[in-house]
Amino acid sequence: YATTRSGYNPGGRNSRFAPGFEFYAPETVTDYEIGTKIGWNSGDLRGLVSFDIFRDNYNNAQRSVTQPVNGTPTVFLANVAKARIQGFDFDANVNYGWFNLGAFVTLSDGKYREYPYGGNFPQYPVATFPDLTFFNLAGISKWVWGIRPTINFGKMGGDIPDISLSGNIYHRGTFYSSEPNTDIAAQRTIPANTQLDLRLDWRNIADTNFSAAFAVTNVTNFNGKVGGNELRATNGINIDVYAPPRQ
């Protein structure tokens, strides 16, 4: 298949702004995608595979800009950039009686195509940095993948109850929580992390039509950073978001 889509974030008016930035226009995106989906079977083995490549073109990208207004650092939205995100998605699922295995992997490559510099980042002198296309797009991990195994004991035969054990292994690669995020501002890097969730289901317990489940999230109790936001330019605070504990 091949498809194209478009969308937008609406424009608006800033309540506080520098001269010339009272209003900001809609941010638009056009998406192009080519892909395929294939189902197959061989005896008791069944599978489904999907693959696509994509490209998203962003125009009039809305970004938070910090500039002094009457001597006070002020944050407002402005249309300052053009960007593109491109990559591929691969998803596969294989089932063999009592065992099911799913997996996916996504590659995303984000890049600014235009980002003229208006002097809104004091740590980057305009004379040295005439444009900001070297910035990394915030929130974009190059690699994201997951594995989803499920064992259904009830399908093994005999008088085994309808009990299943499933897991979800999720990995997100390194990304940047905000911009700017290079050179002297590289502390905004969020390291790659992998987390594991488990779930045990017992359906129709003793033919009572009652079911129960027991789930554990973040089995390894990973407690590293998973996000954040940089607000030092306005209130001197840097926000780091950490993974929830095992539950």
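The present account deals with the structure reproduced in this document. Please read these numbers as outputs of a predicted model, since none were measured by experiment.

Turning next to the overall build of the protein. Along the protein, the regular secondary structure elements total one helix and 15 strands. Taking all 247 residues of the protein together, the buried fraction comes to 30%. Nonlocal contacts in the protein, meaning residues at least 24 apart in sequence, comprise 57% of its contacts between residues at least 6 apart. For the protein, the accessible area works out to roughly 14,500 Å², and carbon and sulfur atoms hold 57% of it.

For N60, which is not glycine, the phi torsion reads 55° and is therefore positive. Although it is not a glycine, N209 adopts a positive phi angle of roughly 65°. Position of N209 relative to the elements: it lies in the loop between strand 12 (193–202) and strand 13 (212–216). Judged by its relative accessible area of 71%, N209 falls in the exposed class.

Attention now moves to the pairing of strand 6 (residues 72–96). With 23 bridges connecting them, strand 5 (residues 45–69) and strand 6 associate as antiparallel partners. Following the sheet pairing, F51 is matched in strand 6 by F90. In textbook terms, the turn of a hairpin is the stretch between consecutive antiparallel strands, and for strand 5 and strand 6 this stretch comprises two residues, one of which, N70, has a positive phi near 55°. For strand 6 and strand 7 (residues 99–114), the ladder comprises 15 bridges, and the chain directions are antiparallel.

Right, let's get into the packing of aromatic side chains. All chains considered together, the criterion is met by six aromatic pairs. Judged by centre distance (5.1 Å) and plane angle (85°), the rings of F134 and F135 are edge-to-face. The exposure class assigned to F134 is partly exposed, which follows from its relative accessible area of 31%. The class for F135 is buried, based on a relative accessible area of 3%. Each member of the aromatic cluster is reached from another via a ring pair, and the members are Y112, Y115, F134 and F135. Directly above the aromatic system of F175 lies the positively charged group of R172, at a separation of 3.7 Å from the ring centroid.

Let's shift gears to a nonpolar patch on the surface. On the surface, a cluster of nonpolar side chains totalling about 350 Å² of accessible area is made up of I34, F51, I53 and F90. Along the polypeptide, I53 turns up in strand 5. On the accessibility criterion, I53 (43% relative accessible area) is partly exposed.

Before going further, it helps to examine the pattern of salt bridges. One pass over the full model with this rule turns up 10 salt bridges. Between E33 and R5 there is a salt bridge, with the nearest N and O atoms lying 2.6 Å from each other. Of this pair, E33 sits in strand 4 (residues 27–42) while R5 sits in strand 1 (residues 2–9), placing them 28 residues apart in sequence. Judged by relative accessible area, which is 14%, E33 ranks as buried. Put simply, K82 and E114 hold a salt bridge, and the shortest N to O gap is 3.9 Å. Taken together, the residues K82 in strand 6 and E114 in strand 7 connect sequence positions 32 residues apart. Residue classification places E114 among the partly exposed positions, given a relative accessible area of 41%. Within this structure, R5, D31 and E33 form a network of salt bridges that share partners.

This paragraph deals with the side chain of D52. By the element assignment, D52 lies in strand 5. In this structure D52 is buried but unpaired, with R5 as the nearest side chain of opposite charge at 7.2 Å. Apart from residues no more than four positions distant in its own chain, D52 is found in contact with Y1, E33, I34, G35, G87, F88 and D89.

Here we take up the nonpolar core. With 18 residues, the main nonpolar core has V80, A81, Y112, Y115 and L132 as its most contacted residues. Ranked by residues supplied to this core, first place goes to strand 6 with six residues.

Cut-offs used in this document
- Residues numbered from 1 in each chain as written.
- Predicted model: local features only at pLDDT ≥ 70, side-chain atom pairs only at ≥ 80, totals over all residues.
- Heavy atoms only, no water.
- Helix = DSSP H or I, 4+ residues; strand = E, 2+ residues; numbered from the N terminus.
- Buried < 20%, exposed > 50% of the residue type's maximum accessible area, 1.4 Å probe, protein only.
- Contact = heavy atoms within 4.5 Å.
- Areas by Shrake-Rupley, 256 points an atom, 1.4 Å probe, with all protein chains shown as cover.
- Pairing = 2+ DSSP bridges.
- Phe/Tyr/Trp six-rings, centres within 6.5 Å; stacked < 30°, edge-to-face > 60°.
- Lys NZ or Arg CZ within 6 Å of the ring centre and 35° of its normal.
- Patch = residues over 30% accessible without salt bridge, like charges linked within 9 Å, V, L, I, M, F, W, Y side chains within 5 Å.
- Salt bridge = Lys/Arg side-chain N within 4 Å of Asp/Glu carboxyl O.
- Lys, Arg positive; Asp, Glu negative; His and termini not counted.
- Core = buried A, V, L, I, M, F, W, Y, C linked by side-chain atoms within 4.5 Å.

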